[in-house]
Amino acid sequence: MIRWAAFSCVLVPVVLLWYGTSLAGTAGTALGLTAVTAVRRLLLRRSERCAARCAAQRGGRHTRGQTPVD
């Protein structure tokens, strides 16, 4: 997921320039997408660490009531 987000941080500004958007507008968009991607990555890592820590505290076992349903 993060790779696609990083790819869009490059692709979207190129497309905007292609369609004639100003350089300042394109740069602002690129910075905004980069910031959102960085925050998303940070939150994802934090969530993974928390999940790993919670699983370790429970001994890696799931109880019936807390198993996610697909």
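That block above? That's the structure.
Here the structure is a predicted model, which means the values were calculated and not measured. (Residues numbered from 1 in each chain as written. Predicted model: local features only at pLDDT ≥ 70, side-chain atom pairs only at ≥ 80, totals over all residues. Heavy atoms only, no water.)

A. A look at the packing of aromatic side chains. Tallied over the full model, the rule gives 1 aromatic pair. Between Trp 4 and Phe 7, the aromatic rings sit 5.8 Å apart at their centres with planes inclined by 85°, giving edge-to-face as the arrangement. Highlighted residues: Trp 4 and Phe 7, both in helix H1 (residues 2-18), separated by 3 residues, approximately one helical turn. (Phe/Tyr/Trp six-rings, centres within 6.5 Å; stacked < 30°, edge-to-face > 60°. Helix = DSSP H or I, 4+ residues; strand = E, 2+ residues; numbered from the N terminus.)

B. Structural view of the side chain of Thr 37. Within the secondary structure, Thr 37 is located in helix H2 (residues 23-57). Discounting chain neighbours no more than four positions away, the residues touching Thr 37 are Ala 5, Ala 6 and Cys 9. (Contact = heavy atoms within 4.5 Å.)

C. Representation of a positive patch on the surface. Judged by side-chain charge, Arg 41, Arg 45, Arg 49 and Arg 53 come together as a positively charged surface patch. When you line up the elements, Arg 49 lands in helix H2. (Patch = residues over 30% accessible without salt bridge, like charges linked within 9 Å, V, L, I, M, F, W, Y side chains within 5 Å. Areas by Shrake-Rupley, 256 points an atom, 1.4 Å probe, with all protein chains shown as cover. Salt bridge = Lys/Arg side-chain N within 4 Å of Asp/Glu carboxyl O. Lys, Arg positive; Asp, Glu negative; His and termini not counted. Charge placed at Lys NZ, Arg CZ, Asp CG, Glu CD.)

D. Representation of the environment of Arg 41 in the model. Among the secondary structure elements, Arg 41 is positioned in helix H2. Arg 41 sits 36 residues away from Ala 5 along the chain, and the two C-alpha atoms are 9.6 Å apart.

E. Representation of the environment of Ala 35 in the model. Note that Ala 35 resides in helix H2. Accessibility expressed as a relative area gives 41% for Ala 35, which makes it partly exposed. Sequence separation between Ala 35 and Cys 9 is 26 residues; the distance between their C-alpha atoms is 9.6 Å. (Buried < 20%, exposed > 50% of the residue type's maximum accessible area, 1.4 Å probe, protein only.)

F. Seen up close, the state of the cysteines. Throughout the structure, instances matching the rule amount to 0 disulfides. Summary of cysteine pairing: Cys 50 is not part of a disulfide, and the nearest cysteine sulfur, belonging to Cys 54, is at 4.0 Å. Residue Cys 50 is classed as partly exposed on the basis of its relative accessible area of 35%. (Disulfide = S-S within 2.5 Å.)

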